[in-house]
There are 2 protein chains.
Amino acid sequence: MTGQVTLADVARAAGVSPATASRALNGSPGRTVRADLAVRVAAAAVELGYSVNAHAQAMARGTTTTVGLIVHDIADPYAAAIASGVMAAAAERGLIVTIASTASDAALELTHLRALLQQRARAVILAGSRFTDAESTAAMSSVTAAIAAAGGRIAAIGADRLGVRTVEIDNFGGAAHLASTLCSLGYRHFAVLAGPEHLVTCDDRLAGFREGLAGAGVDLDPENVLTTQFTRDGGYVAMRELLDRGLAADCVFAVNDVMAVGAMAALREHGYRVGSDVALAGFDGIPTLRDIEPPLTTVRLPLPEIGRAALELAVAGETGPRPAPVRGDVVVRASTPGVASVP
Amino acid sequence: MTGQVTLADVARAAGVSPATASRALNGSPGRTVRADLAVRVAAAAVELGYSVNAHAQAMARGTTTTVGLIVHDIADPYAAAIASGVMAAAAERGLIVTIASTASDAALELTHLRALLQQRARAVILAGSRFTDAESTAAMSSVTAAIAAAGGRIAAIGADRLGVRTVEIDNFGGAAHLASTLCSLGYRHFAVLAGPEHLVTCDDRLAGFREGLAGAGVDLDPENVLTTQFTRDGGYVAMRELLDRGLAADCVFAVNDVMAVGAMAALREHGYRVGSDVALAGFDGIPTLRDIEPPLTTVRLPLPEIGRAALELAVAGETGPRPAPVRGDVVVRASTPGVASVP
DNA sequence: CTGTTAGCGCCTTCAC
DNA sequence: GTGAAGGCGCTAACAG
């Protein structure tokens, strides 16, 4: 950072005041600079290889161009898809995106959020926070309050447990719709690979699924609802357990797609063919999964659009109407071909 | 950003000077603060809800805690896996990661790089830049030079075309090893879905593959080498073309895994069963692909470790030994079961 | 060990 | 339209 070219250098080289150079290079509301001066300044800037110092600018202007995005794991396709939407929308506005992964660790999430506060991020997006204990919630709330006090905006995706603006996802409705669709395909005996307990997203999907089944007069045996990690390995483990105790279901619903992938692997290891031997459905609509064999039935969420909406919600702040919950589309594919005896 | 509590406020509340407060809260090399004062300062900070302003800190200290990562598309599992490694290593050092996607657009890449310069990022990692024309290279070089001049470090992953420290990947060797392995499985007629022309990574993989075949006395018909996009859709399109002209190969090599996924989809649409009807191999070792059916033979790269290495290389700067190129492991799975007549 | 003093680079009143 | 001056919040000297 030594020997940096500063605005003062440029101004001197162009024979104008720093103020004029600033106005010429970075603009100033309502003010203009004479064309010839502007040209001279621009030339000097290029000549000297000048580049604004964003920190100095942030100091002086009192506002930044950084937005933060907090996810569980950027390597999870769900998070990556959302991130791509956030980043695209941010790029359009000249905003820079800082991403942090919590690795499902509440302390880490807090650390990242604090860092974003220190950066005076203009907005931060919480994509799928999953800690519901009172202690972490309180700690998070205090930081989000500080961010808000500093003029930053906060938005959440999915479930809001912090009282912030949220891009809501109709997990309940999507799961219910999926359940009734599966019933109409002739399935009657279900098992659910649920996520961890007390995770709102999972709870909603499970509740919605149950509701959908009930609408078709189908019951869900509590024995067939397994709580597990919200990951590929979680799905694998839970499916193995189900198989070990002798699978008593003709259709398995994994509350998200990556869990379904794990379940698929477990089924295959056990010699089951997904589709013909047992049906399988997921939730999220991760892009890659349309290409697996058999293609997975799922509730497809417009993930990049959700990310984009979250960014827009965050930068818009309190103004604007509350957005409608995002609904997913039930996509029936070969992993749930339907029961043969049903037309 | 108004009504922010500043260090001066904390100092006043604690009855000490700003300097002492600064030393107590944020430390200073070699200096210590008397315990009781430190306690008072800490208490005041909590009381007032103080949070350092990272921009002011960056200004005063002349250095930042931001590192930038530039990828093509964060939704690509390859980039996401690298990013997770970069972020993990960064978190350990208290560094914040800013990610930008170029969407394979040279102008966008330049824009992002400039933004990182303005932020005075301590390091920036270029993961798979793919523009080789003289104009973009020159523009990029001038910005990287400016970043270096500002004390920032640059590191690249894969091919280095900018003269920066690079985590090299042995694409040639990996592809050669894959080719000879496939030959030993009995395959003799190959097709390659190559990426775009002049993309160093692709060129290396193609050349290595050819070399490996040559070592087994097998020839690669130029007709069977298709240039295409480096994406899932690229693989799909190229595979369709190959099929339309009547597939004249018993084994197809896609130069990366996402292309292989697209190829698999095209094959399936045409009624081919991957593995038994035609063999298929990829490159990268993207995690999800171990779970697809049939599991994909590939050259597995330790993507998160590569990301981690790139970060370490970048923050280490010019010191330290040049790291050895990363070698991939050939992983043979069911997509290349081998030719029946061969034991 | 603590306090005082100068900036870091930029923007923005306020005069001109 | 331009310029001069003050300050954003923090830390690194320098005294004490």
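Being a predicted model, the structure only gives us computed values, none of them experimental. (Residues numbered from 1 in each chain as written. Chains lettered and ligands numbered in written order. Predicted model: local features only at pLDDT ≥ 70, side-chain atom pairs only at ≥ 80, totals over all residues. Heavy atoms only, no water.)

1. Examining the protein's contact with DNA strand C
Here is step 1: Residues in contact with DNA strand C amount to 26 residues; listed here are only the nearest, L7, Y50 and Q57 of chain A together with T32 and L37 of chain B.
Here is step 2: When atoms of DNA strand C within 4 Å of the protein are split into backbone and base, the sugar-phosphate part holds 68%.
Here is step 3: Take R31 of chain B: an N or O atom from its side chain is 2.9 Å from a base oxygen of DNA strand C.
Here is step 4: Here the element with the most residues in the surface near DNA strand C is helix 4 (residues 54–61) of chain A; it accounts for five residues. (Near = heavy atom within 4 Å. Polar contact = N/O pair within 3.5 Å; in protein donor to acceptor, adjacent residues only side chain to side chain. Helix = DSSP H or I, 4+ residues; strand = E, 2+ residues; numbered from the N terminus.)

2. Here we look at the domain arrangement of chain A
The figure often quoted for interface size is the accessible area lost as the parts come together.
Residues and elements named next belong to chain A.
Here is step 1: You can read the domains of chain A as domain 1 (7–61), domain 2 (66–168 + 304–319) and domain 3 (171–301 + 329–341).
Here is step 2: With centres defined by C-alpha atoms, the gap from domain 2 to domain 3 works out at 29 Å.
Here is step 3: Of the residues lining the interface, seven residues belong to domain 2; the matching set on domain 3 comes to eight residues.
Here is step 4: Where domain 2 abuts domain 3, roughly 740 Å² becomes buried across the two surfaces, and 73% of that area is made up of carbon and sulfur atoms.
Here is step 5: Looking at the side of domain 2 facing domain 3, the largest losses of area belong to P77, Y78 and R130, adding up to 51% of the total buried there. (Domains from an automatic or database assignment. Contact = heavy atoms within 4.5 Å. Buried area = accessible area lost by both parts, 1.4 Å probe.)

3. Quick word on the side chain of H112 of chain A
Residues and elements named next belong to chain A.
Here is step 1: Looking at the secondary structure, you find H112 in helix 6 (residues 106–118).
Here is step 2: Residue classification places H112 among the buried positions, given a relative accessible area of 10%.
Here is step 3: Those residues in contact with H112 that lie beyond four places of it in its chain are I70, A100 and S101. (Buried < 20%, exposed > 50% of the residue type's maximum accessible area, 1.4 Å probe, protein only.)

4. Things to note about the sheet that holds strand 9 (residues 279–281) of chain A
Residues and elements named next belong to chain A.
Here is step 1: One open sheet accounts for four strands, arranged 7-6-8-9; its pairing is parallel. Each edge of the sheet is formed by a strand with only one pairing partner; in this case those strands are strand 7 (225–227) and strand 9. Going across the sheet, the axis of each strand differs from the next one's by a mean of 15°, ignoring polarity.
Here is step 2: Bridging between strand 6 (residues 190–194) and strand 8 (residues 251–254) involves four bridges; their strand directions are parallel. Paired with F190 across the bridge in strand 8 is C251. (Pairing = 2+ DSSP bridges. Axes fitted to C-alpha atoms, helices over the stretch in contact; angles between N-to-C directions.)

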